[in-house]
Each structure stands twice: as C-alpha cells, then as structure tokens.
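Summary of structural features
Now for the letters of each chain:
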Amino acid sequence: MILVTGGAGYVGSHCVRELVREGRDVVVFDNLSQGRRDAVLAQRFVEGDLLDSTALERVFAEHDIEAVLHFAGLICVGESMVQPERYYEQNVGGTINLLRQMRSSGVRQLVFSSSAAVYGDPRQVPIPEDHGKNPTSVYGRTKWIVEEILADCARGSGLRYVALRYFNAAGAASDGRLGETHRPETHLIPLVLAAAMDARREVRVFGTDYDTPDGTCIRDYVHVDDLSRAHAAALRALAAGSSGGAYNLGSMQGFSVREVIETCRRVTGRAIRVVDGPRRPGDPPSLVADSRLARRELDWVPEITSLDEIVRTAWAWAQAHGVG
Ligand SMILES: NC(=O)c1ccc[n+]([C@@H]2O[C@H](COP(=O)([O-])OP(=O)(O)OC[C@H]3O[C@@H](n4cnc5c(N)ncnc54)[C@H](O)[C@@H]3O)[C@@H](O)[C@H]2O)c1
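Below you will find a few notes about this structure.

**A few points about the pattern of salt bridges**
Tallied over the entire structure, the rule returns 21 salt bridges. Where Asp-38 meets Arg-36, a salt bridge forms, and the shortest distance between an N and an O atom there is 3.1 Å. A relative accessible area of 45% places Asp-38 in the partly exposed class. Taking the shortest distance from any N to any O, the salt bridge between Arg-229 and Asp-226 comes out at 2.9 Å. Of the two residues, Arg-229 and Asp-226 both sit in helix H7 (residues 224–239), three residues apart, roughly one turn of that helix. Each member of the salt-bridge network shares a partner with another, and the members are Arg-201, Glu-202, Arg-204 and Arg-273.

In structure tokens, the structure reads:
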C-alpha cells in the first residue's frame, strides 16, 4: 500500500487518482487544512496532522505500507517570509516526524515534493539539477533543507528517495473531476481565470522591467496530470531498486506573465483587466526547467505541453467549481 501525505490537496489528489487507476492500494493522510475530502478518490482516508506523532504511528501500524508519497506542507512563498517558524515546523518538522515513523516501521521508499524554489535566482536557464542551491524564500529553504535531510537518511539509515522539483504545477484533470483550489490562491493561472470570471476585479502583474522579452517574469508550467505520471514513474524506479535522486519536472518551455494572460484571454474569450505593479522581492526573472534527467532516468515525458491546453483544463474546472 502507498501512503500519500497531503493527498487531499491539489497535486496530491491528482496523483492519488493516477495510482488508483494503476490498481494500487492507497491510503491518504491529510489534515484538510487546505485539501478537500471530496478530492480524495482513494478507498482509505485518515484525517491527521504530520505533527501528531501518535496519529502517524497509527497509520503505519494499521496499514501495510511499502512506500510514501509526501506532498503535505505549507506552500505560500510570501507567507513563508513572515511566518518562518511555522514553515520550518510544518515542512521540516513534519517531514522529520514522517521519516522517524518510516524508519521505525521499516518503510524505506519515499517520493518528496520539492520545488524549483530550491535554486533561487538561477545563473543558468534552463536550470539543470546540479545548479547551485540558493533559495530566496523561507519556503524554498524548507524544501532544500528537507532534500539535504533525505540525502543524510539515504547515507545513514537506508532510505531510498526521489525528490521531484516541480516548476509551476498547473491545469486540472481533463474530465473536470479534480482541479486547483488553494485558499488563498497565489498561483498565476487561477488568478487570471478568476479575473476572467469577475471573481476578481483584475490581475496584478508584479514587475514589468525584468530583463525578459516583454519585461515580465517567465515561468515553466507543467500539467498536474504529467506530475502524477512522474510520481508513478518515481515509485516504479524505487521499487526496481533505484536509490533515487533529484529530478526537475517542467516542460522545458518558458512563458511570460503577459503570455499567460494573453493565453487566458484567447481560451476564455473574456476581457481580463490587468494592473501593472512593482516587482515582488525574491521573484527570479526566469525559471525554466532542464528536465532531461527525468526523461532519461524515469522515462518521463510531459504529454500536455501546450499552454492553451493547460489553460483549457483549468478554465473548465474554474467554470464548474469557481476559482481564486
Ligand atoms: N503547486 C505547485 O505549483 C507546487 C510547485 C512546487 C512544489 N509544490 C509542492 O507540492 C506539494 C503539494 O502542493 P499543492 O499545490 O498540492 O498544495 P496543497 O496545499 O493543495 O496540498 C497540500 C496538502 O497538504 C495538507 N497538509 C498541509 N499541512 C499538513 C500537515 N501538517 N499534516 C497533514 N496534512 C497537511 C493540506 O491540507 C493539503 O491537502 C507541496 O509540498 C508543495 O510545496 C507545489
């Protein structure tokens, strides 16, 4: 059985569905601080917090767990800067609790949700995995600290792990059953779609004077269903004996904020009010993945690479369920 922490959240819920489709037994552990119970498309769900060691111990005692997918954590970059203790406690402390429990239960395989935020302001784009790590946010630092802890556990206690560094997760399940609902929403595509639906007055563009072709930040958008396939591939690699490592998950294409807004206008056919504003501290001009290592070693290739297609799935979800 696969334990999925944070499996009621955005990326986790899509991955759970992929595993269930593959015929795997899954138990989801989530405190529902962000996630939704109705997004859990697995048989087993345990409501619990990673910081509650007794609850975690019970999950491991009651289920025959062979591997863990670890999504649970706090994800807002801006919030992490003003609540550092909370982010370290949840993202680092919560992971240590999980690792301790895995060790005492003899569970050795882990897939961790890391992030492009570990690189900070890159010197080289597309960014390869061995690029220096210099996170510019507390959030990014929690991800990098966890990766270093995992490397220590691999050396010292026989853990086998894969850290998947997602770039910008985006889109929704093509059948409209699952999608993105963060509270508060901080991700660009749902925010633009909220403006298209008049759920927000406008979209704010943070910085128009970057050294990029149109002056706005460039990001790499990877469809959430492609992320799910990467997790399934990582589990297969671990089961086949791989000792793991870290992989970038991105489409290897960059789109500027203005290009994303234009794509949303085209896909929705709606007017979208845009207000230009100053840069946000800590936002690198361009983050684009070099994800050839995942292609080579995990046999993972993103299948949904058109931004129009990504936005179409997000728009279908937004219209049915609301957004932003
Ligand atoms: N969404 C992205 O673009 C993106 C990019 C890079 C990395 N990531 C990472 O991927 C993971 C999932 O991101 P997401 O967008 O699905 O976020 P999300 O907030 O939708 O999902 C996180 C889930 O974890 C649960 N959770 C949080 N703290 C918990 C705790 N202490 N105990 C138990 N459950 C807890 C929440 O209820 C939620 O369901 C996170 O670790 C995030 O840092 C996401």
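From this point on, the discussion continues.
**Comments concerning the site of the ligand**
Around the ligand lies a shell of 29 residues, among which Val-11, Asp-30, Phe-71, Gln-90 and Tyr-139 are the nearest. A distance of 3.1 Å separates a nitrogen atom of the ligand from a polar atom in the backbone of Asn-31. Between a nitrogen atom of the ligand and a side-chain N or O atom of Gln-90, the distance comes to 2.8 Å. Out of a free accessible area of 820 Å², the ligand has 97% covered by protein chains. If one sorts the elements of the shell around the ligand by residue count, strand S5 (residues 109–115) sits on top with three residues. Among the residues making up the shell around the ligand, the classes are represented as 12 nonpolar, 14 polar and three charged.

**Description of the nonpolar core**
Note on soluble globular proteins: their nonpolar side chains tend to be buried together. Counting 37 residues, the largest nonpolar core has Val-4, Val-11 and Leu-164 as its most contacted members. Of all the secondary structure elements, the ones that give two or more residues to this core are strand S1 (2–5), helix H1 (10–21), strand S2 (26–30), strand S4 (67–70), strand S6 (160–166), H7, strand S11 (244–249) and helix H9 (292–297). Among the elements that line this core, the one with the most residues is H7, at nine residues. Each of domain 1 (2–170 + 221–249) and domain 2 (188–219 + 252–321) contributes no fewer than three residues to this core. Here Val-11 is in contact with Phe-71, Tyr-166, Ala-169, Val-224 and Leu-227, once residues within four sequence places are set aside. If you look at the next biggest cluster of nonpolar residues, it comprises 28 residues, including Val-203, Ile-272, Ala-314 and Trp-315.

**Let's talk about unusual backbone geometry**
The residue after Val-125, namely Pro-126, is reached through a cis peptide bond having omega 0°. Structurally, Pro-126 can be placed in the loop between S5 and helix H5 (138–157). Put simply, Arg-183 and Pro-184 share a cis peptide bond, and its omega is 0°. With respect to the element layout, Pro-184 can be found in the loop between strand S7 (168–170) and helix H6 (188–196). One non-glycine residue, Asp-198, lies in positive phi territory at about 65°. Turning to its location among the elements, Asp-198 is positioned in the loop between H6 and strand S8 (203–206). Positioned with a positive phi, Met-252 is a non-glycine residue whose angle comes to about 65°. Along the chain, Met-252 falls in the loop between S11 and strand S12 (255–256).

The rules behind the values
Along each chain, numbering runs from 1 in the same order as the chain's sequence is written. Since the coordinates come from a predicted model, pLDDT governs what is reported: local features require at least 70, and pairs of side-chain atoms require 80 or more to be given and counted, while whole-chain, interface and lining totals use all residues. Only heavy atoms go into the side-chain values, all of them from the structure, while hydrogens and water stay out. Salt bridge, as used here: a side-chain nitrogen of Lys or Arg that lies within 4 Å of a carboxyl oxygen of Asp or Glu. Throughout this description, buried means an accessible area under 20% of the type-specific maximum (1.4 Å probe, protein chains only), exposed means over 50%, and partly exposed covers the range between. The helix and strand labels rest on DSSP assignments: H or I over at least four residues marks a helix, E over at least two residues marks a strand, and numbering proceeds from the N terminus. Nearness of a residue to a molecule or strand requires only that one of the residue's heavy atoms be within 4 Å of it. Identification of polar contacts relies on pairs of N or O atoms within 3.5 Å, with a donor-acceptor requirement for protein atoms, meaning one able to donate a hydrogen and the other able to accept it, and with residues adjacent in sequence counted only if both atoms are side-chain atoms. Every accessible area reported is derived by Shrake-Rupley at a probe size of 1.4 Å, with residue values counting cover from the shown protein chains alone. When residue character is reported, Ala, Val, Leu, Ile, Met, Phe, Trp, Tyr, Cys and Pro are called nonpolar, Asp, Glu, Lys and Arg charged, and the others, Gly included, polar. The term nonpolar core refers to a set of buried residues drawn from Ala, Val, Leu, Ile, Met, Phe, Trp, Tyr and Cys, joined through side-chain atoms within 4.5 Å. Residue ranges for the domains trace back to a domain assignment, done automatically or taken from a database. Pairs of residues are marked as contacts when any of their non-hydrogen atoms sit within 4.5 Å.

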